[in-house]
Amino acid sequence: MPETELNDEQLVLRAQQGNLTAYEQLVRRHQQGLYAFIYRMVQNPADAEELCQQAFVRAWQKLAGFKGRSSFKTWLYQIAINLTLNFRTRTRKTEELSELQPADPATEPEADYHRRQQEELVQQALLQLPPDQRTALVLKVYENLSYNEIARLMGRSVRAVDSLLVRARTRLKTLLEPARQRGLL
Amino acid sequence: MKTMKCSKVLKLLSRHLDRELSGPEQEAVNRHLAECAGCRQEYELLQSEHRLLRSVTVPEIPPYFTARTLARIGALKPASLLPKLLWQTAVSLLVLAGIGLGIILGSTLATGSSTSPELAALNSEPTIEELFAPGNGGR
Ligand SMILES: [Zn+2]
C-alpha cells in the first residue's frame, strides 16, 4: 500500500521501524499546519522554519518512545510547544512599527497597505504577550481547540488555561488601544 | 431571578466567547448582556479583537521544507536513530566505500596527483535517504 493511503497511526508504526519514506509522508501531511502554528508563535518566517524543522527532527528521534496514547499530531504539537516556549522571540521596537514601509501607490493600493499595517500591529502585540499566554491564545484562536485540549497540550489545568486566556485578551486590548485610538484598527 | 453582577459577567466573557460556559451560566450571561450596555460593549470589543486576530495571514511554508527537514534527519548519527539491521547495512556500505577509497588512493598515489574528484565524492558521506530510500516512492 502506498504511503499516501496510510493513516497516521500506520505511518508511525512504519516510521518506528526506521522507514524514512513513511516519516516523510507524516512530515508532508503536518508541515503546513505546524509551520502556521509556529509562525504565529514567533512571527518570523526564518525562525518558524527553523523551529518547525527542529520539531520534526526531534519527533523522529523520539519516535520510539511514542506509544500512541494521543494522536501523532497532538504529540508533535507538544514537541513544538516545548521548543517555542524555550525560544527567545525577536520583538521589534515600537518605533520600528511606525516606520513600516509606506505604501507605494503605484504598486500597493491603500487598502492593502492598511491591511498590512494592521497585521503588523497585531503580530507585534502578540509578541509582547508572555509565551504561555500567547501559546494558549494561538491554540484557541487559530487552532480552535477546546480548553480541555489546550490544557492537555500545555500540561496545565483547564482553570489555568482560562486564566491565561483572560489575561492574554486583557493585555492585548491594552496593547492595541493606542492603535485603535489612532484609527489604525 | 436576579441578574448576574457586572464584575462576575466580565470575568466570564472570555469563556462565553469560546463557548466554554455551562448551559445555565451561558443563559445568565446572555440575559445580562441583553440588559447591560456596558458589558455588551466589552463583549463586542472582545469579539472584534478575536476577528482581528483571525484576519492575520500566515505565509506559505518555504519550498523545499520537506527536503531540508529530511536532509537534517539524514545527517543525524545513524546509530542513534536506526534499527540494528539498517545500521549494519550502513556499516557494510561504508566498508565497501572504504575499499573503493583504498583502490583510488592507490591509483592516485601511482599517478602522483594528490587530489581527485572521485576521492572527494567518496569522502562525502551519503545521506540516510540516499542509503535507504526504497526506490524514492511515494511522490
Ligand atoms: Zn454589566
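A brief look at the structure comes next.

Conventions we followed
Residues numbered from 1 in each chain as written. Chains lettered and ligands numbered in written order. Predicted model: local features only at pLDDT ≥ 70, side-chain atom pairs only at ≥ 80, totals over all residues. Heavy atoms only, no water. Helix = DSSP H or I, 4+ residues; strand = E, 2+ residues; numbered from the N terminus. Expected span 1.5 Å × (residues − 1). Buried < 20%, exposed > 50% of the residue type's maximum accessible area, 1.4 Å probe, protein only. Contact = heavy atoms within 4.5 Å. Buried area = accessible area lost by both parts, 1.4 Å probe. Salt bridge = Lys/Arg side-chain N within 4 Å of Asp/Glu carboxyl O. Donors = N, O, S within 2.8 Å, 3.2 Å for Na, K, Ca; no water. Tetrahedral: all angles 85-135°; square planar, octahedral: opposite > 155°, others 65-115°. Phe/Tyr/Trp six-rings, centres within 6.5 Å; stacked < 30°, edge-to-face > 60°. Lys NZ or Arg CZ within 6 Å of the ring centre and 35° of its normal.

This part covers helix α6 (residues 110-128) of chain A. When the terminal C-alpha atoms of α6(A) are compared, their 27 Å separation across 19 residues agrees well with the 27 Å that a helix rising 1.5 Å per residue should span. Among all positions of α6(A), only A:Tyr113, A:Gln117, A:Gln118, A:Glu119, A:Glu120, A:Leu121, A:Val122, A:Gln123, A:Gln124, A:Ala125, A:Leu126 and A:Leu127 are buried.

Here we come to the interface of chain B and chain A. Interface size, as often reported, equals the accessible area lost upon joining of the parts. Facing 40 residues of chain B, the contacting portion of chain A comprises 45 residues. Of the roughly 4100 Å² buried between chain B and chain A, counting both surfaces, carbon and sulfur atoms make up 61%. Along the contact surface separating chain B from chain A lie four salt bridges. Two residues, A:Glu49 and B:Arg68, come together in a salt bridge whose shortest N-O distance is 2.3 Å.

A word on the coordination of the zinc ion. Residues and elements named next belong to chain B. In the first shell of the zinc ion, the protein supplies Cys6 (SG), His32 (NE2), Cys36 (SG) and Cys39 (SG), at 2.1 to 2.3 Å from the metal. Given four donor atoms and angles of 101 to 114° at the metal, the environment of the zinc ion is assigned as tetrahedral. Spacing between the donor residues of the zinc ion along the chain follows C-x25-H-x3-C-x2-C. Residue Cys6 is located in helix α1 (residues 6-17), and its partner Cys39 is located in helix α3 (residues 37-54); the two are separated by 33 residues in the primary sequence. Residue Cys6 is classed as partly exposed on the basis of its relative accessible area, which comes to 36%. Residue Cys39 is classed as buried on the basis of its relative accessible area, which comes to 3%.

Aromatic ring pairs are reported here in terms of the distance separating the ring centres and the angle at which the planes meet. All names here are of chain A. The tally for this structure, following the rule as stated, stands at seven aromatic pairs over all chains. Between Phe37 and Tyr77, the aromatic rings sit 5.3 Å apart at their centres with planes inclined by 35°, giving tilted as the arrangement. Here Phe37, found in helix α2 (residues 20-42), pairs with Tyr77, found in helix α4 (residues 72-85); they are 40 residues apart in sequence, far enough to count as distant. With relative accessibility at 6%, the residue Tyr77 sits in the buried group. Taken together, the ring pairs in this structure connect Phe66, Phe72 and Trp75 into an aromatic cluster. Here the guanidinium or amino end of Arg40 rests over the ring plane of Tyr142, the centre of that ring lying 3.7 Å away.

From the geometry alone we can't say anything about function, so treat these as descriptive.
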